[in-house]
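Below, each chain spelled out in residue letters.
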Amino acid sequence: MSKQAVVKKVKPYPFPAQVKLEAATLAGSVTKMTQQGLLIEVHGSSLQPGEKVELQFVTPVLHGAVTTAAVVVKVTSQLKGISLLELHFRSQTPEHMARINDFLIHTGQVRRS
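Residues numbered from 1 in each chain as written. Predicted model: local features only at pLDDT ≥ 70, side-chain atom pairs only at ≥ 80, totals over all residues. Heavy atoms only, no water.

**As for the nonpolar core**
Stated precisely, the cut-off is as follows: Joining through side-chain atoms within 4.5 Å is the link that ties buried Ala, Val, Leu, Ile, Met, Phe, Trp, Tyr and Cys residues into a set, and such a set is a nonpolar core. Accessibility here uses a 1.4 Å probe with only protein chains present; expressed as a share of the type maximum, an area under 20% marks a residue as buried, one over 50% as exposed, and anything in between as partly exposed. The way it works is that DSSP assigns letters per residue, a run of H or I at least four long becomes a helix, a run of E at least two long becomes a strand, and they are numbered from the N terminus. We call two residues in contact when some of their heavy atoms are within 4.5 Å.
Judged by nonpolar contacts, the single largest core of 23 residues is most densely connected at Val19, Met33, Leu38, Ile40, Leu55, Phe57 and Leu87. Those elements that place two or more of their residues in this core are strand E1 (15–20), strand E2 (25–33), strand E3 (37–43), strand E4 (52–58), strand E5 (65–77), strand E6 (82–90) and helix H1 (94–106). Those residues within four positions of Leu55 in sequence are excluded, and the remaining contacts are Gln18, Val19, Leu38, Val66, Thr67, Thr68, Ala70, Leu87 and Phe89.

Printed below as a string of structure tokens:
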């Protein structure tokens, strides 16, 4: 009898991330990510479009740590003080961009080139 390896499927979303501001750090949950940016839910945010922030997160599955600058593009208020932020990446290092691309490829969101 041959033994087959059990492969556990890991859901790519949501995963934790931190949004760093000048005076505070907001903990949030990334609900979607693309090569251009991501959507993140945070509690009690007063951020406005155009504001610059720093993002820190570790991609699930591949465990690639990413720290990058981002800009707030859109803020949508939801129930119970939760805001959905659309953030676009700014000035990423090639290493961090590769980690994001690897995550998107492994989750089937982007085709391998």
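**Things to note about the sheet that holds E1**
Working definition: the strands of a sheet are paired by backbone hydrogen bonds and lie parallel or antiparallel to each other. Inclusion rule: In this description, strands pair whenever DSSP reports at least two bridges between them. To obtain an axis, a line is fitted to C-alpha atoms, over the contacting stretch when the element is a helix, and the angle between two such axes runs from 0 to 180 degrees between their N-to-C directions.
Strand order in the closed barrel formed by 6 strands is E1-E2-E3-E6-E5-E4, and the pairing between neighbours is antiparallel. Direction aside, neighbouring strands of the sheet carry axes that sit 45° apart on average. Summarising the sheet, E1 and E2 pair through 6 bridges and their orientation is antiparallel. Paired with Gln18 across the strands is Ala27, a residue of E2. Docked against the sheet, H1 engages E1, E2, E4, E5 and E6, running at close to 65° with respect to E5.

**Examining the side chain of His96**
For His96, the position within the fold is in helix H1. Judged by relative accessible area, His96 falls into the buried class, the value being 14%. For His96, the contacting residues outside a window of four places in its chain are Ala65, Val66 and Thr67.

**Considerations on H1**
Applied cut-off: In this scheme, a helix's expected span is set at 1.5 Å multiplied by one less than its residue total. The arc in question is traced by the directions running from the helix axis to the C-beta atoms.
If you check H1, its first and last C-alpha atoms are 18 Å apart, about what 13 residues at 1.5 Å a residue would give, namely 18 Å. For H1, every residue scored as buried is listed here: His96, Ile100, Asn101, Phe103 and Leu104. The buried side chains of H1 occupy one side of the element, clustering within an arc of 160° when seen end-on. Exposed and oriented more than 90 degrees from the buried face of H1 are Pro94 and His106. Where H1 ends, the next residue or the one after it, Gly108, has phi of about 80°, a positive value.

**Brief notes about the pairing of E1**
Burial of E1 is one-sided: the residues Phe15, Ala17 and Val19 facing one way are buried, the residues Pro16, Gln18 and Lys20 facing the other way are not. Hairpin connection from E1 to E2: 4 residues lie between these consecutive antiparallel strands. Both E1 and E4 contribute to a ladder of 4 bridges, which runs antiparallel. Its bridge partner lying in E4, Ala17 is registered against Phe57.

**Quick notes on the environment of Leu62**
With respect to the secondary-structure elements, Leu62 resides in the loop between E4 and E5. For Leu62, a relative accessible area of 34% corresponds to the partly exposed category. In the structure, Leu62 is positioned 40 residues away from Asp102 in sequence and 8.0 Å away in space, judged by C-alpha atoms. When sequence neighbours within four positions are dropped, the list of residues in contact with Leu62 reads Asp102, Phe103 and His106.

The values are spatial; any link to function lies outside them.
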